[in-house]
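Here is what each chain is made of, one letter per residue.
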Amino acid sequence: MTLKALAQSLGITLKYLFSKPVTIPYPDAPVALKPRFHGRHVLTRHPNGLEKCIGCSLCAAACPAYAIYVEPAENDPENPVSAGERYAKVYEINMLRCIFCGLCEEACPTGAIVLGYDFEMADYEYSDLIYGKEDMLVDVVGTKPQRREAKITGKPVKPGYVVPYVRPELEGFKAPTKGGKK
Amino acid sequence: MNPYPLDPYWMVALKALLVVVGLLTAFAFMTLIERRLLARFQIRLGPNRVGPLGLFQPIADAIKSIFKEDLVVERADKVLFVLAPLIGVVFALLAFGAIPFGPPGSFFGYQPWVLNLDLGLLYLFAVSEMAIYGIFLAGWASGSKYSLLGSLRSSASLISYELGLGMALLSPVLLVGSLNLNDLVNWQKEHGWLILYAFPAFLLYAIAALAEAARTPFDLPEAEQELVGGYHTEYSSIKWALFQMTEYIHFITASALIPTLFLGGWTMPFLEVPYLWMFLKIAFFLFLFIWIRATWFRLRYDQLLRFGWGFLFPVALVWFLVTALVVALDLPRSYLLYLSLAAFLALLGAMMYSPKPARKGGGA
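Residues numbered from 1 in each chain as written. Chains lettered and ligands numbered in written order. Predicted model: local features only at pLDDT ≥ 70, side-chain atom pairs only at ≥ 80, totals over all residues. Heavy atoms only, no water.

## Comments concerning the packing of helix α4 (residues 120–129) of chain B against helix α5 (residues 131–141) of chain B
All names here are of chain B.
Turning to step 1, where the next piece is worked out: Where α4 contacts α5, the two axes come as close as 4 Å, and the packing angle between them is 10 degrees. Put simply, α4 runs roughly parallel to α5. Of the residues in α5, those touching α4 at Val-127, Ser-128 and Glu-129 are Ala-131, Ile-132 and Tyr-133.
Turning to step 2, where the next piece is worked out: Residue composition of the contact of α4 with α5, grouped by class: four nonpolar, one polar and one charged. (Axes fitted to C-alpha atoms, helices over the stretch in contact; angles between N-to-C directions. Helix = DSSP H or I, 4+ residues; strand = E, 2+ residues; numbered from the N terminus. Parallel < 35°, antiparallel > 145°, perpendicular 65-115°, else oblique. Contact = heavy atoms within 4.5 Å. Nonpolar A, V, L, I, M, F, W, Y, C, P; charged D, E, K, R; others polar.)

Structural data, given as structure tokens:
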């Protein structure tokens, strides 16, 4: 330890004093997420509007936390819900059990279930943390508590994140993008 | 014939109140400023949630510390336990009044100081040294051996640095020939700042002042990362806040005393505005001390004492003897200017000279 080092160290801290803080003031400013962030699940649709999910329950089988419950039903040929023979009549994920590992996404033969970006799911009731189809289809913006609040205040849902780009698996999913390529 | 006119008593009382209120407000906001600055030094934002820019944080802190449970330990000496923080804060507040903030009559026709004592400097030291009683009694009255050990550590380091501090101050006092703070400032107005005449004394005093205020390189009394609390382990709530207050007021007083003694006080060679320069100088030293806290490490306890007794004290003594020699033989005072310059160059040289640290033993 020398006097020189002491003086230099003062210079280093002074340089940091005038640099921009790295803190993200989170609830005020969105968090920058990576495009492959594992957040709330999204049930995607084909471009023609049909659901990709065919109710095969492979996701439920692959789930290490037993968080997924699928109840399939036969498609009405006249008015199909999904592109396959069957569709998921009930598709529920217990967000309290889910560990956001993404194995469901890997197991899915049609790419129907994809992990999205929403993470602000804190809620008051256990039952409110079981997300159904109506909470996870691509057109849904935000999580349950966010949508509840939006309904009360009348303001649109404000997601707490930005991503550089939305990864292609999340077909049709709208997310706030900023920076990054593509 | 007193060159410094006296104020009526009601004015003195009013100014004393102003100093107390001002110091307590300054303490509250210094905690905020220090936290914000430290945060920026560490590329963080710091407290910014309470009010705009976090400006109401001190108020929130005050409310919190007042309403927390105020514990008095079962085995504590009840009277002294309560008295100790009060002693600390009262004597810390007393010290500030002697510091002049401007020329006579610049405070709405009254004097910009509360006390003008011929032994001003001595008074200042006598009073700020009483803080050690606060610390020591706090440790003793807590009825806990850890508090006692903490208070012993604190008092030992404070007393060790007190010697260097006093010795460093002797040379300017000898040069000016007065202990009156106004005389010191006026002398500097005539002859130039004392830092030019006593650069080593200034440096030593600044270092010792850090130790006196228990600031970072010497903040062993309550080494936050290492100790539970030192002498105030058993204290909580507002009593604990009073210790913090004491420390901050010492810090502010030290930052006001260094410019008064060595940097011309409220004077400035150009653009004389009463108060402005004094406040700027105080702010500069407050910033400097926070900057040091953000940068440097804490000395180990033996290093702290060795530095105090083995370096600070002898160097201060040597400089005092040199000044005494110049004054006693009535040599031209410019000798001291050259010697100060030499000391400054020696410091610069020491900064340039940086040998590779010698590795002792088989340390990794």
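We are not done yet, so read on.
## Focus on the interface of chain B and chain A
Turning to step 1, where the next piece is worked out: Residue-level contacts link 20 residues of chain B with 19 residues of chain A.
Turning to step 2, where the next piece is worked out: Between chain B and chain A, roughly 1900 Å² of surface is buried when both sides are summed, and carbon and sulfur atoms account for 73% of that area.
Turning to step 3, where the next piece is worked out: Asp-28 of chain A is the salt-bridge partner of Arg-49 of chain B, the closest N and O atoms lying 2.9 Å from each other.
Turning to step 4, where the next piece is worked out: Across the chain B-chain A interface, the total number found is nine residue pairs in polar contact (both at pLDDT 80 or more).
Turning to step 5, where the next piece is worked out: Among the secondary structure elements, those contributing two or more residues to the side of chain B that touches chain A are α1 (9–41), α11 (276–295) and α13 (334–352) of chain B. (Buried area = accessible area lost by both parts, 1.4 Å probe. Salt bridge = Lys/Arg side-chain N within 4 Å of Asp/Glu carboxyl O. Polar contact = N/O pair within 3.5 Å; in protein donor to acceptor, adjacent residues only side chain to side chain.)

## Regarding the layout of surface pockets
Turning to step 1, where the next piece is worked out: Estimates place the volume of the largest pocket at around 1400 Å³.
Turning to step 2, where the next piece is worked out: For the largest pocket, the lining is made up of 42 residues, of which Leu-3 of chain A together with Leu-203, Ile-207, Trp-296 and Leu-347 of chain B are closest to its centre.
Turning to step 3, where the next piece is worked out: Contributions of two or more residues to the lining of the largest pocket are made by α1 (3–17) of chain A together with α8 (194–197), α9 (199–212), α11, α12 (301–328) and α13 of chain B.
Turning to step 4, where the next piece is worked out: Its residues placed into classes, the lining of the largest pocket shows 38 nonpolar, three polar and one charged. (1 Å grid on protein atoms, 1.4 Å probe; cavity = no way out; pocket = protein on both sides within 12 Å on 5 of 7 lines; lining within 4 Å. Points joined across faces, edges and corners; volume = space filled by probe spheres on them.)

## As for empty space enclosed by the protein
Residues and elements named next belong to chain B.
Turning to step 1, where the next piece is worked out: What the rule picks out here adds up to four cavities of 30 Å³ or more.
Turning to step 2, where the next piece is worked out: The space that makes up the largest cavity amounts to roughly 320 Å³.
Turning to step 3, where the next piece is worked out: As for the largest cavity, its lining consists of 26 residues, and the residues nearest its centre are Ser-128, Ala-131, Glu-212, Ala-213 and His-250.
Turning to step 4, where the next piece is worked out: Every element with two or more residues in the lining of the largest cavity is listed here: α4, α5, α6 (145–176), α9 and α10 (237–262).
Turning to step 5, where the next piece is worked out: Across the lining of the largest cavity, the residue classes break down as 16 nonpolar, six polar and four charged.

## Quick look at the environment of Ala-343 of chain B
All names here are of chain B.
Turning to step 1, where the next piece is worked out: Positionally, Ala-343 belongs in helix α13.
Turning to step 2, where the next piece is worked out: The exposure class of Ala-343 is partly exposed, given its relative accessible area of 23%.
Turning to step 3, where the next piece is worked out: The sequence separation of Ala-343 and Phe-199 amounts to 144 residues, and the corresponding C-alpha distance is 7.1 Å.
Turning to step 4, where the next piece is worked out: Contacts of Ala-343, omitting those with residues within four sequence positions, involve Phe-199 and Pro-200. (Buried < 20%, exposed > 50% of the residue type's maximum accessible area, 1.4 Å probe, protein only.)

## Examining helix α2 (residues 57–67) of chain B
All names here are of chain B.
Turning to step 1, where the next piece is worked out: Among the residues making up α2, those that are buried are Gln-57, Pro-58 and Ser-65. Summarising the axial view, the buried residues of α2 lie within an arc of 95 degrees, below the 170-degree limit, and thus occupy one face.
Turning to step 2, where the next piece is worked out: In this structure, the buried side of α2 is in contact with α1 and α10. (Arc of directions from axis to C-beta.)

## Notes on the pattern of salt bridges
When charged atoms on two side chains of opposite charge get close, those side chains can pair.
Residues and elements named next belong to chain A.
Turning to step 1, where the next piece is worked out: The full count for this structure, using the stated rule, is 18 salt bridges over all chains.
Turning to step 2, where the next piece is worked out: With its nearest N and O atoms 3.5 Å apart, the salt bridge here joins Asp-139 to Arg-45. Here Arg-45 lies in the loop between β2 (41–43) and α2 (58–62) and Asp-139 lies in the loop between α4 (133–136) and α5 (144–153), a separation of 94 residues in the sequence.
Turning to step 3, where the next piece is worked out: On the accessibility criterion, Arg-45 (23% relative accessible area) is partly exposed.
Turning to step 4, where the next piece is worked out: Across the salt bridge formed by Arg-148 and Asp-128, the nearest N and O atoms sit 3.3 Å from each other. Here the residue Arg-148 occupies a position in helix α5, and Asp-128 occupies one in the loop between β5 (113–115) and β6 (130–131), the gap between them amounting to 20 residues.
Turning to step 5, where the next piece is worked out: One salt-bridge network, in which partners are shared between bridges, spans Glu-105, Arg-167 and Glu-169.

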